[in-house]
Amino acid sequence: MNETIGSFHFHSDFDSGNLAKVVINEKNDNEFHLWTLPDCANTPYENGNRTWFYFGVKGPCDTVVKFNIMNLNRQAKLYSQGMKPLFKVHPHQEQWERIKDKPICSMEDQSFVLSFKFTMPSQENSTVYFAFCYPYSYSDLLFDLDTLDTRFSAKEGNIYFGRELLCNSLDQRRVDLVTVTRNGDENRRDKPVVFVSARVHPGETPSSFVLNGFLDFILKEDDIRAQKLRENFIFLLVPMLNPDGVYRGHYRTDSRGVNLNRVYLETDAILHPTIAATKQLLLDLAKEELVMETNSMSTLEKKVKETLLVQTDDSNCKDDSVTLWPLSFKDDGGRTNFAGLQFPNTSDETTLSLSSSTILSGSTLEGAEEGDVSAQYFDVAPATSCPAAAPSTKSRLFAYIDLHGHASKRGIFIYGNHFKDANQQVECLLLPKLISLNSQHFDFWACNFSEKNMRQRDKRDGLSKEGSGRVAVSKLTGIPRSYTLECNYNTGRMRNILSPLPTDKFPLFHATTGDAKDEERLDGSTLSRRRTVSAGPSLTDAFAPPVPYSEQSFKEVGEAIGVSLLDLIGANPMSRLPQSTYGDVDGARQWIRLHCLGQRRFPFVEADADEESTCSHLPSSSTTSNFLQQVTTV
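Residues numbered from 1 in each chain as written. Predicted model: local features only at pLDDT ≥ 70, side-chain atom pairs only at ≥ 80, totals over all residues. Heavy atoms only, no water.

Q: Can you walk me through the overall build of the chain in this structure?
A: When helices and strands are tallied, the chain shows 14 helices and 24 strands. Here the chain holds 634 residues, and the buried ones make up 59% of them. Pairs at least 24 residues apart make up 75% of the contacts formed inside the chain by residues separated by at least 6 positions. Surface summary for the chain: the accessible area is close to 25,300 Å², and the carbon and sulfur share equals 47%. (Helix = DSSP H or I, 4+ residues; strand = E, 2+ residues; numbered from the N terminus. Buried < 20%, exposed > 50% of the residue type's maximum accessible area, 1.4 Å probe, protein only. Contact = heavy atoms within 4.5 Å. Areas by Shrake-Rupley, 256 points an atom, 1.4 Å probe, with all protein chains shown as cover.)

Q: Explanation requested: the UniProt feature "active site" (unreviewed entry) in the chain in the structure shown.
A: According to UniProt, the feature "active site" (unreviewed entry) maps to Glu486 in the numbering used here. With respect to the helices, strands and loops of the structure, Glu486 is situated in strand β20 (residues 482-488). A distance of 3.2 Å separates the side chain of Glu486 from the side chain of His406, its partner in a polar contact. (UniProt positions renumbered as here; feature names shortened; annotations may be inferred. Polar contact = N/O pair within 3.5 Å; in protein donor to acceptor, adjacent residues only side chain to side chain.)

Q: Explanation requested: the pattern of salt bridges in the structure shown.
A: Side chains bearing opposite charge may pair, as long as their charged atoms lie close to each other. Summed over the entire model, instances satisfying the criterion amount to 26 salt bridges. When the shortest N-O distance is used, the salt bridge between Asp185 and Arg188 registers 3.2 Å. Assessed through its relative accessible area of 14%, Arg188 is described here as buried. Where Asp443 meets Arg493, a salt bridge forms, and the shortest distance between an N and an O atom there is 2.9 Å. On the criterion of sequence distance, the pair formed by Asp443 in the loop between α9 (422-438) and α10 (452-455) and Arg493 in the loop between β20 and β21 (495-496) is long-range, its members being 50 residues apart. Taking the relative accessible area as the measure of exposure, Asp443 reaches 2% and is therefore buried. Relative accessible area serves as the criterion here: at 9%, Arg493 is assigned to the buried category. (Salt bridge = Lys/Arg side-chain N within 4 Å of Asp/Glu carboxyl O.)

Q: Can you help me understand the nonpolar core in this one?
A: Counting residues in each nonpolar core, the largest one holds 112 residues, and the members touching the most others are Phe10, Phe130, Phe132, Phe235, Leu485 and Leu565. Once you skip the residues sitting within four places of it in the chain, Phe235 turns out to touch Val178, Thr179, Val180, Val194, Phe214, Ile218, Leu229, Arg230 and Leu565. Core analysis: the next-biggest nonpolar cluster, separate from the first, contains 25 residues, Val200, Leu260, Leu281 and Leu397 among them. (Core = buried A, V, L, I, M, F, W, Y, C linked by side-chain atoms within 4.5 Å.)

Q: Sorry, what's going on with the sheet that holds strand β19 (residues 412-415) here?
A: In any sheet, the strands associate via hydrogen bonds between backbone groups, in a parallel or an antiparallel arrangement. Here seven strands make up an open sheet; going across it, the order is β12-β13-β15-β14-β18-β20-β19 and the pairing mixed. What marks the edges here is a single partner per strand, and that holds for β12 (159-168) and β19. Between one strand and the next, the sheet's axes are offset by a mean angle of 20 degrees, whatever the strand orientation. Sheet topology places strand β13 (residues 174-182) next to strand β15 (residues 234-238); three bridges connect them, and they run antiparallel. (Pairing = 2+ DSSP bridges. Axes fitted to C-alpha atoms, helices over the stretch in contact; angles between N-to-C directions.)

Q: I keep staring at the packing of aromatic side chains and nothing clicks. Help me out?
A: Note on aromatic pairs: each is described by the distance of the centres and the angle between the planes. For the structure on display, the rule yields 34 aromatic pairs. Ring centres of Phe8 and Phe32 lie 5.1 Å apart, and the angle between their planes is 75 degrees; on these two criteria the pair is classed as edge-to-face. Linking Phe8 in strand β2 (residues 8-11) with Phe32 in strand β4 (residues 28-35), this pair joins segments that are 24 residues apart in sequence. Summarising the burial analysis for this pair, Phe8 and Phe32 share the class buried. A ring pair is formed by Phe233 and Phe235, whose centres lie 5.8 Å apart and whose planes are at 50 degrees; its orientation type is tilted. Phe233 gets classed as buried once you look at its relative accessible area, which sits at 0%. Overall, Phe235 belongs to the buried group, its relative accessible area being 0%. Between the NZ or CZ atom of Lys21 and the centre of the ring of Trp35, over which it lies, the distance is 4.4 Å. Positioned above the aromatic ring of Phe413, the side-chain terminus of Lys409 is 4.7 Å from the ring centre. (Phe/Tyr/Trp six-rings, centres within 6.5 Å; stacked < 30°, edge-to-face > 60°. Lys NZ or Arg CZ within 6 Å of the ring centre and 35° of its normal.)

Q: What's the story with the confidence of the model for the chain in this structure? I'm lost.
A: The predicted coordinates ought not to be read in detail in places where the model reports low pLDDT. Summary statistics for the chain give a mean pLDDT of 79 and a share of 72% for residues scoring 70 or more. Scored below 50 in pLDDT, residues 599-607 makes 41 contacts in the model with residues more than four places away or belonging to other chains. (pLDDT = per-residue confidence, 0-100.)

Q: Help me understand the sheet that holds strand β7 (residues 86-90), please; the structure alone is not making it clear to me.
A: With antiparallel pairing, the six strands of this open sheet are ordered in space as β1-β2-β5-β11-β7-β8. Edge positions in the sheet fall to β1 (2-5) and β8 (93-98), since each of these pairs with one other strand and no more. Strand-to-strand twist across the sheet, computed as the mean angle between neighbouring axes with direction ignored, equals 20 degrees. By the bridge criterion, four bridges tie strand β5 (residues 54-58) to strand β11 (residues 127-131) in an arrangement that is antiparallel.

Q: Teacher, can you tell me more about the environment of Met120 here?
A: Among the structural elements, Met120 can be located in the loop between β10 (111-119) and β11. The exposure class assigned to Met120 is buried, which follows from its relative accessible area of 2%. Contacts of Met120, omitting those with residues within four sequence positions, involve Phe8, Val57, Lys58, Gly59, Pro60, Cys61, Asp62, Thr63, Val65 and Val128.

Q: I tried to follow the environment of Leu281 on my own but got confused; where do I start?
A: With respect to the helices and strands, the residue Leu281 is situated in helix α6 (residues 273-287). When the C-alpha positions of Leu281 and Leu166 are compared, they lie 9.1 Å apart, and in sequence the two are 115 residues distant. The contact partners of Leu281, leaving out residues within four places of it in the chain, are Leu177, Phe195 and Leu236.

Q: Just checking my understanding: could you explain the pairing of β4 for this structure?
A: Pairing between strand β3 (residues 21-25) and β4: five bridges, direction antiparallel. Note on β4: the bridge partner recorded for Lys21 is Trp35. Remark: two residues form the turn of the hairpin made by β3 and β4, two consecutive strands paired antiparallel. In terms of strand pairing, β4 meets strand β6 (residues 64-72) through four bridges, oriented parallel.

Q: What should I look at first to understand the side chain of His11 in this one?
A: Among the secondary structure elements, His11 is positioned in strand β2. You can call His11 buried: its relative accessible area is 15%. Polar side-chain contacts of His11 include one of 3.3 Å to the side chain of Tyr129. With residues up to four places along the chain from it excluded, the contact list for His11 reads Met1, Asn2, Phe55, Gly56, Thr127 and Tyr129.

Q: Is there a simple way to think about the pairing of β12 in this case?
A: Residues in a regular strand project their side chains so that they alternate between the two faces of the sheet. Burial analysis of β12 places seven of its ten residues in the buried class, the great majority of the element. Where β12 meets β13, nine bridges bridge the pair, whose relative direction is antiparallel. Across the sheet, the residue bridging to Tyr160 is Thr181, located in β13. Count of turn residues in the β12/β13 antiparallel hairpin: five residues, of which Gln172 carries a positive phi of about 65 degrees.

Q: Which parts of the structure should I look at to understand α6?
A: An α-helical turn contains 3.6 residues, so any two residues separated by three or four positions project in the same direction. A rise of 1.5 Å per residue sets the reference length of α6, with its 15 residues, at 21 Å; its end C-alpha atoms lie 21 Å apart and thus fit the reference within 8%. The buried fraction of α6 amounts to eleven of the 15 residues, a majority that puts the element mostly inside the structure. Looking at α6, one finds that the buried residues are Pro273, Thr274, Ile275, Ala276, Ala277, Thr278, Lys279, Leu281, Leu282, Leu283 and Leu285. (Expected span 1.5 Å × (residues − 1).)

Below, the structure written as structure tokens:
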């Protein structure tokens, strides 16, 4: 659109723009009714996705104008939690900010209407741009990649940055594959690969900022953590899986109205070229064995092998720490669960006489046979839903992370997969747990690893999540670290207070050191415990109030992913773990074993329900009852 209405000029004829029609209010020259374009508008593939908007307005200076966007998808929950449209003023204020006043939501003729007021800038010839969330267009991506191409064109120094064509989209737009590792290591077969992708859903722009934060971090030249990451991994990134949808201003689908995150199992190379190329790349990596050509990877190889060799001595299954919960979380004192994983009742009425050697035996859960106790700790799936590929420590594919945005559930969190093998489930949970220890904004308690969330069907199109990248990659390759990372567009439920870095002025020491002591404080219903040194200030709260997300918030999570990968393999020279209650990655792994295998009471997590995982956090009385019944017969 590019049209003058009254004294104002509206346009959306640019990359990622979306505005269909503007009508002036007959009673007020400074009020306008706006309509957005649905995905694939005016084509046979038109569908009902109408959440993304992005347009520019030029009008009289210092004029208060009111906009009513008339036909959005119903996002009342998102806006009730404080979501506001974004704006920037060209050429005077190029930084995106949220509008000052809270918008008003209403329903008119069964349509969701978003209304907000804005005072036009005082500078002449200014154009104000408004958007649903922080925009990141296809042109922005090309500019950023061109800049990095120029920066690393000499192929000198210790950083390898490679950019190549993965494929072309249906509309013949370039889909880039970015490779980052230590210079000279790009063709080595003894380094595991971490794969990260974004923007399979074009309107989910926070995913681009998470990826950019991750990419910026692993490309740092003087940060020893980035150097260690490049030494230990090869990173493959596809920054924009759906460039056609991004360019057209779509919210969820490609140019043919297809949700590309549902076709990973049934992929058509002609109709879904970007997914077909990505899938083939991942399958090729999974088939390649991690051949140890030199001794440089011996530490990582040892760590990877150790993840599948779980210690079963009872003496190793002790946890004297006290877990801190946000005040909004509740403890129901009875049946408990976390993220779709079911836990037994640990009340005094029932004694679980299960040794850790029994629980951590690593037996395959093929149908909850007699004596297969581990099956009762997870919501066991039908046999048809188990991974098609067996897990292998030799696969070069170390982790798969697909980045997304999220409208209804608050926070930044991960959807992981559900495994019948307890060891695999622990490893699946470990990386998200580490991210929460390195990021203020990542909400571990909002994560979901349920079997239900692997096969649930979308209300929008009826397609099953079994076709999503997260589920399909795990099934096809057998890797436990296959994730969807979701970012709420607006805010979270809380912020993590992080343990300090070793370089901080007043570090917190682990309780095993001679300089440390335990301090406990009872504050309301929350018991806070932190290991501190007497010379420095004590950290008394585990969580801080949430704040509206910014571009930097999303980038911080991307950086935390990189840091957490180092923690995972025990190679982080600036780790927060020694200053935390966990001590090291094995302590975090042990904590997960204890909680996820039901040996410690676990609080009820009052997560935000949404159409993606409604009620998946609620305890299953039938599952728990079956567990208790079988336990009494063991």
